Amino acid sequence: MRRLFLTAKPMRKTSQRIHQDKRPNTAARQPVRRDTRPKGPRRVILFNKPFDVLPQFSDEAGRRTLKDFVPVSDVYAAGRLDRDSEGLMILTNDGALQAQLTQPGKRTGKIYYVQIEGAPQESDLSLLRNGVTLNDGPTLPAGVELVTEPEWLWPRQPPIRERKAIPTSWLKITLYEGRNRQVRRMTAHIGFPTLRLIRFAMGKYQLDDLALGEWRDVSADV
């Protein structure tokens, strides 16, 4: 009987390049941090925006904008306030302040006085306090109080359209986020459309006695 002898093949030396430690380039993965410091002196402007004024400094259609009221350059709105809403806007060149006031993760409180159509019950308001689900997802719980019309409030021009057969009510709503037309969508969701909306505060900044269409420089305030 013939015996078969298998000759073992010599092992090849593995190329050192194949087993090189492939360490990630951590330097390339570092996030780029934007410089949020003001380019010039820090500016913080409070502005009481009237109804029918765009929350920007220019408009190709010739509509009223911030430029018609605030003669200050190189400041930008911290968050928006819709054309059909009124009240506090903060204009600044401080990127860190703008982020603090507007980024969802910061949970900065924003207070609104809202006139709605109808007379809600506590069961209606509790829905907003617990959070409702809108078409862009659930809202955070909001502070909601039924209040009387603020004594300091100015008349709106033009006035809202009221229906004689339907009463109106006022709410004080505190949000900790800022989605597009969020307050209006929230009140409509529970069956009480918003007729008028005034932003009173953003964080520590408030309207106080600031007249409609007027602005105040609070840059020196800490």
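The following paragraphs examine the structure supplied in this document. (Residues numbered from 1 in each chain as written. Predicted model: local features only at pLDDT ≥ 70, side-chain atom pairs only at ≥ 80, totals over all residues. Heavy atoms only, no water.)

### Quick look at the overall build of the protein
Looking only at helices and strands, the protein has 4 helices and 11 strands in total. Each of the 222 residues in the protein was classed as buried or not, and the buried ones make up 39%. Across the protein, contacts joining residues at least 24 apart in sequence account for 73% of those joining residues at least 6 apart. (Helix = DSSP H or I, 4+ residues; strand = E, 2+ residues; numbered from the N terminus. Buried < 20%, exposed > 50% of the residue type's maximum accessible area, 1.4 Å probe, protein only. Contact = heavy atoms within 4.5 Å.)

### Quick look at helix H2 (residues 95-102)
Along H2, the residues classified as buried are Leu97, Ala99 and Leu101. Close packing links the buried residues of H2 with strand E1 (44-49), strand E3 (86-92), strand E4 (110-117), strand E9 (194-202) and strand E10 (205-206).

### Description of the pattern of salt bridges
The tally for this structure, following the rule as stated, stands at 14 salt bridges. Between glutamate 177 and arginine 179 there is a salt bridge, with the nearest N and O atoms lying 3.4 Å from each other. Accessibility expressed as a relative area gives 11% for glutamate 177, which makes it buried. Each of Asp82, Asp84, Arg181 and Arg184 takes part in salt bridges that share partners, so that together they form one network. (Salt bridge = Lys/Arg side-chain N within 4 Å of Asp/Glu carboxyl O.)

### Some details on the side chain of glutamine 182
Following the sequence through the fold, glutamine 182 ends up in helix H4 (residues 182-189). Judged by relative accessible area, which is 3%, glutamine 182 ranks as buried. Other than its neighbours up to four places away in sequence, glutamine 182 contacts Thr139, Leu175 and Glu177.

### Thoughts on the pairing of E1
Of all 6 residues that make up E1, 6 are buried, and the element is covered over most of its length. Two elements, E1 and E3, share 6 bridges in a ladder whose sense is antiparallel. Its bridge partner lying in E3, leucine 46 is registered against isoleucine 90. Two strands pair when backbone bridges link them, and E1 and strand E11 (residues 215-217) are joined in this way by 3 bridges, in the antiparallel orientation. (Pairing = 2+ DSSP bridges.)

### Let's talk about the nonpolar core
In this structure, Leu46, Leu88, Ile90, Tyr205 and Leu207 are the most contacted members of the largest nonpolar core, which totals 20 residues. Looking at this core, the elements with two or more residues in it are E1, E3, H2, E4 and E9. With 4 residues, the top contributor of residues to this core is E9. Aside from chain neighbours lying at most four places away, what touches tyrosine 205 is Arg42, Val44, Leu46, Leu88, Ile90, Leu97, Phe200 and Val218. In terms of nonpolar packing, the next biggest core, distinct from the first, is built from 17 residues, Ile116, Leu171, Leu175 and Met186 among them. (Core = buried A, V, L, I, M, F, W, Y, C linked by side-chain atoms within 4.5 Å.)

### A look at the packing of aromatic side chains
The geometry of an aromatic ring pair is captured by the separation of the ring centres together with the interplanar angle, meaning the angle of the planes. As enumerated under the stated definition, the model contains 5 aromatic pairs in all. With centroids separated by 5.5 Å and ring planes inclined at 45°, the aromatic side chains of phenylalanine 47 and phenylalanine 69 adopt a geometry described as tilted. Taken together, the positions of phenylalanine 47 in strand E1 and phenylalanine 69 in the loop between E1 and strand E2 (76-77) put the pair 22 residues apart, joining distant regions of the chain. Classification of phenylalanine 47 as buried rests on a relative accessible area of 0%. The partly exposed category is assigned to phenylalanine 69, whose relative accessible area is 21%. Here the aromatic rings of tryptophan 152 and tryptophan 154 are separated by 6.0 Å at their centres, their planes lie at 45°, and the arrangement is tilted. For tryptophan 152, a relative accessible area of 36% translates into the label partly exposed. Classification of tryptophan 154 as buried rests on a relative accessible area of 12%. Members of the aromatic cluster, each reached through a chain of ring pairs, are Tyr113, Trp152, Trp154 and Phe200. Stacked on the ring of phenylalanine 51, the Lys or Arg arginine 156 has its end atom at 3.9 Å from the ring centre. (Phe/Tyr/Trp six-rings, centres within 6.5 Å; stacked < 30°, edge-to-face > 60°. Lys NZ or Arg CZ within 6 Å of the ring centre and 35° of its normal.)

### Looking at helix H3 (residues 122-130)
Those residues of H3 that fall on the buried side of the exposure criterion are Asp124, Leu125 and Leu128. Buried residues along H3 cover an arc of 90° about the axis, so they all sit on one side. Looking at the packing, one finds that the buried side of H3 touches strand E7 (143-147), strand E8 (168-175) and H4. Of the residues one or two after H3, glycine 131 is the one with positive phi, at around 100°. (Arc of directions from axis to C-beta.)

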